Each structure stands twice: as structure tokens, then as C-alpha cells.
Amino acid sequence: ASPWLVVPAAGQGRRMGADRPKQYLTLDARPVMAHTLTRLHAAFPGARLCLCLDPDDAWFDPDWVLFADWRRVAGGAERADSVANALGAIAHEARDDDLVLVHDVARPCVAVEDLRRLMRVLADDAVGGLLAATVADTMKRDDGGGRVARTEPRAGLWHALTPQGFRYGLLNQALRQAMASGVTVTDEASAVEALGHAPRLVPGRRDNLKITHPEDLALAGMILAAQAS
Ligand code: C5P
């Protein structure tokens with residue numbers, strides 16, 4: 001079965017310091033968002049898409065959406081609000097055990113084979129899970145004053161990537177609970193973890209970069225070129 005896709009794309013991307021949100025910057029002649037949506041469509045052509053956009057967004061072009069079944073949803077103040085809005089918008093259509101994959105619009109380099117593998121793994125997983133990559137660098141915790149407080153053991157640490165996929169009912173409950181508790185959750189998995197579940201870590205390619213800082217755009221361009229060769 002095809003999953004639901006939620007693509008939060010309502011962020012301002014302030015860390016980029018650009019003249020427009022990062023999902024609209026040009027990467028290899030196309031906007032970042034167009035790349036991301038094309039990859040998702042290549043993996044899941046029959047999926048139903050919810051695209052979370054800022055209600056005042058002036059940059060979006062529906063021509064980038066290749067999905068036959070899609071809807072535009074208003075983004076919220078935080079990423080979790082945007083995703084919760086999307087889940088609310090499909091409440092009358094989605095069933096509790098439908099799989100929902102949430103993917104950052106700012107990750108245009110996600111590999112189609114990673115998307116398909118994640119879907120295969122999650123298809124028979126009761127909880128759900130996420131693409132993730134082990135940490136390569138030694139990790140330092142700061143003391144708040146620019147010095148090292150301690151070194152965190154690197155073994156067993158992972159980068160949480162996206163997509164992150166969970167059953168509709170569980171994800172909806174997890175996000176609503178997280179929002180009600182006032183804790184900021186920066187991904188779906190942490191909201192599900194807070195309910196006492198252990199999401200599955202699905203090893204993914206480490207070039208599934210999230211465009212965040214100015215230098216990331218050039219890096220993403222190199223990754224796309226290398227993947228195409
Ligand atoms: O800022 P960051 O890169 O962590 O945002 C992750 C994703 O969440 C991005 O795709 C961004 O567009 C989205 N987002 C959103 N609504 C917000 C904040 C972020 O859809 N209020």
C-alpha cells in the first residue's frame with residue numbers, strides 16, 4: 001500500500017540568511033522543494049501528499065507537485081504544529097493503522113532506495129521508525145561558556161534523519177500529547193518516544209543532508225551530482 005506523505009515546508013529557514021525560505025533556493029537549476037517532491041514521487045508515485053506551507057508563502061509553485069492526490073495545509077508556529085495540522089486535515093480520510101511518512105522539505109538528497117527500504121521495514125513494524133545514520137565525529141557537550149563540559153560516548157549515537165514513519169493513530173496521539181505538554185519536539189520520533197515506544201532505527205545514507213546553513217547548498221549540489229554519476 002502507498003503511504004501518506006507529510007512534507008513540512010512552512011519553516012522560514014532563518015539560519016540560511018537568504019532572501020527567501022531555504023526550500024525555495026535554487027539547487028541544480030530547480031528549487032530545493034522541487035527536488036524533494038520529485039524524489040518522494042519516484043519512490044511512492046501513488047502516495048497521498050500533505051504539503052504544509054506558510055499561509056503567506058509567496059514562492060510556492062504547484063507545478064512542482066507530481067502527485068495526483070495532494071492537499072496544501074497551513075503550517076504552524078513550530079514544525080510539530082505544521083505536522084499536526086496535516087494530520088488534522090486528513091483525519092476524515094486516514095485510518096489509524098495507515099502509515100504516515102514525514103519528510104523535511106529541506107532534505108532533497110534523500111535516496112529513492114532509502115525511501116523504499118524504510119517503507120519495507122516499517123510495513124510490518126508495530127511502532128514505526130526513522131532513517132538514521134551513525135555519528136562519525138567525537139561528540140562534545142559544552143558548559144554553556146564555550147568550553148567542554150564532557151565528551152559524550154559516541155558509540156550508539158545516531159543522527160535522526162527523515163523520513164520518519166508512524167501509524168496515523170499513534171503519531172496523532174503522540175504529537176497532540178507533546179504539544180499539550182509544552183515540550184518542543186524537533187522530530188516525530190521524540191514525540192512517539194515520549195509515549196514510551198521505541199522507534200526503529202533504519203540505517204540510511206549519510207548524504208541525506210538537511211539544508212540548514214549557507215554552505216549546505218553547495219554541498220547538496222555536489223551530492224546530487226555524485227548520485228547522478
Ligand atoms: O528548521 P528546520 O530545518 O529544523 O525545519 C525542519 C522542517 O520543518 C523544514 O522542512 C521546515 O520547512 C519545516 N517547518 C515547518 N513549520 C515550522 C517550522 C519548520 O513546516 N513552523
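Residues numbered from 1 in each chain as written. Predicted model: local features only at pLDDT ≥ 70, side-chain atom pairs only at ≥ 80, totals over all residues.

## Some details on the overall build of the protein
When its secondary structure is counted, the protein shows six helices and eleven strands. A compact globule built from 229 residues should have a C-alpha radius of gyration of about 17 Å, and the protein, at 17 Å, falls within 12% of that. Each of the three principal axes of the protein carries a C-alpha extent, and together these read 50 × 45 × 35 Å. Counting across all 229 residues of the protein, residues that qualify as buried make up 40%. A separation threshold of at least 6 residues defines the contact pool for the protein, and within that pool the share at least 24 residues apart is 71%. (Helix = DSSP H or I, 4+ residues; strand = E, 2+ residues; numbered from the N terminus. Rg over C-alpha atoms; globule rule 2.2 N^0.38 Å. Buried ≥ 20, exposed ≤ 12 C-beta atoms within 10 Å, placed from the backbone. Contact = placed C-beta atoms within 7 Å.)

## Observations concerning the site of the ligand
Residues in contact with the ligand amount to 17 residues; listed here are only the nearest, Pro 8, Ala 10, Gly 11, Ser 82 and Asp 104. Secondary-structure elements contributing two or more residues to the shell around the ligand are strand S1 (4-9) and helix H2 (79-89). Its residues assigned to classes, the shell around the ligand shows seven nonpolar, six polar and four charged. (Near = placed C-beta within 6 Å. Nonpolar A, V, L, I, M, F, W, Y, C, P; charged D, E, K, R; others polar.)

## So, the UniProt feature "site: Transition state stabilizer" (unreviewed entry) in the protein
Cross-referencing UniProt, the feature "site: Transition state stabilizer" (unreviewed entry) maps to Arg 15 and Lys 22 in the present numbering. Note that Arg 15 resides in the loop between S1 and strand S2 (26-27). Judged by local crowding, Arg 15 falls into the partly exposed class, with 13 C-beta atoms found within 10 Å. Sequence-distant contacts of Arg 15, defined by excluding residues within four places in its chain, comprise Thr 212 and His 213. Position of Lys 22 relative to the elements: it lies in the loop between S1 and S2. Residue Lys 22 is classed as buried on the basis of its 27 C-beta neighbours within 10 Å. Residues contacting Lys 22, with those up to four places away along its chain left out, are Gly 13, Met 16, Val 32, Ala 106 and Ile 211. (UniProt positions renumbered as here; feature names shortened; annotations may be inferred.)

## A word on helix H3 (residues 112-123)
Three or four residues apart is the spacing at which side chains of an α-helix point the same way, because the helix has 3.6 residues per turn. Here H3 is twelve residues long and its end C-alpha atoms lie 17 Å apart, about the 16 Å a rise of 1.5 Å per residue gives. On the buried face of H3, the contacting elements are helix H1 (32-43), strand S6 (99-102), strand S7 (128-134), strand S10 (158-167) and strand S11 (200-203). (Expected span 1.5 Å × (residues − 1).)

## Some details on the UniProt feature "site: Positions MEP for the nucleophilic attack" (unreviewed entry) in the protein
The residues that UniProt annotates with the feature "site: Positions MEP for the nucleophilic attack" (unreviewed entry) are Arg 154 and Lys 210. Residue position: Arg 154 is located in the loop between strand S9 (148-152) and S10. Judged by C-beta crowding, with 12 C-beta atoms within 10 Å, Arg 154 ranks as exposed. Excluding its chain neighbours within four sequence positions, the residues that come into contact with Arg 154 are Val 135, Thr 138 and Met 139. Tracing the chain through its elements places Lys 210 in the loop between S11 and helix H6 (215-228). A tally of 18 C-beta atoms within 10 Å means that Lys 210 is categorised as partly exposed. Setting aside residues up to four positions removed in sequence, Lys 210 forms contacts with Asp 104, Ala 106 and Arg 107.

## Observations concerning the pairing of S7
Counting buried positions along S7 yields five of seven residues, so the element is predominantly enclosed. In terms of strand pairing, S7 meets S10 through six bridges, oriented antiparallel. By the bridge assignment for S10, Ala 133 is matched with His 159. (Pairing = 2+ DSSP bridges.)

## Considering the nonpolar core
Judged by nonpolar contacts, the single largest core of 59 residues is most densely connected at Leu 5, Val 6, Cys 52, Val 100, Leu 171 and Leu 175. Excluding anything up to four places from it in sequence, Val 100 contacts Pro 3, Trp 4, Val 6, Gly 165, Phe 166, Tyr 168 and Leu 171. (Core = buried A, V, L, I, M, F, W, Y, C linked by C-beta atoms within 7 Å.)

## Some points on the sheet that holds strand S4 (residues 48-53)
Backbone-to-backbone hydrogen bonds join strands into a sheet, with any given pair of strands oriented parallel or antiparallel. Read across the sheet, seven strands follow the order S5-S4-S1-S6-S10-S7-S11 without closing on themselves; strand pairing throughout is mixed. Since the sheet does not close on itself, it has two edges, and those belong to strand S5 (70-74) and S11, each with one partner. On average, each strand axis in the sheet is tilted by 25 degrees relative to the strand beside it, whichever way the strands run. Contacts from helix H4 (residues 168-181) reach S1, S6, S7 and S10 within the one sheet, and its direction differs from that of S10 by about 120 degrees. (Axes fitted to C-alpha atoms, helices over the stretch in contact; angles between N-to-C directions.)

## Examining H4
With 14 residues, H4 should cover 20 Å at 1.5 Å per step; its first-to-last C-alpha distance of 20 Å lies within 8% of that length. Of all the residues in H4, the buried ones are Tyr 168, Leu 170, Leu 171, Asn 172, Ala 174, Leu 175 and Ala 178. Next to the buried residues of H4 lie S1, H2, S6, S7, S10 and helix H5 (188-193). Where H4 ends, the next residue or the one after it, Gly 182, has phi of about 80 degrees, a positive value.

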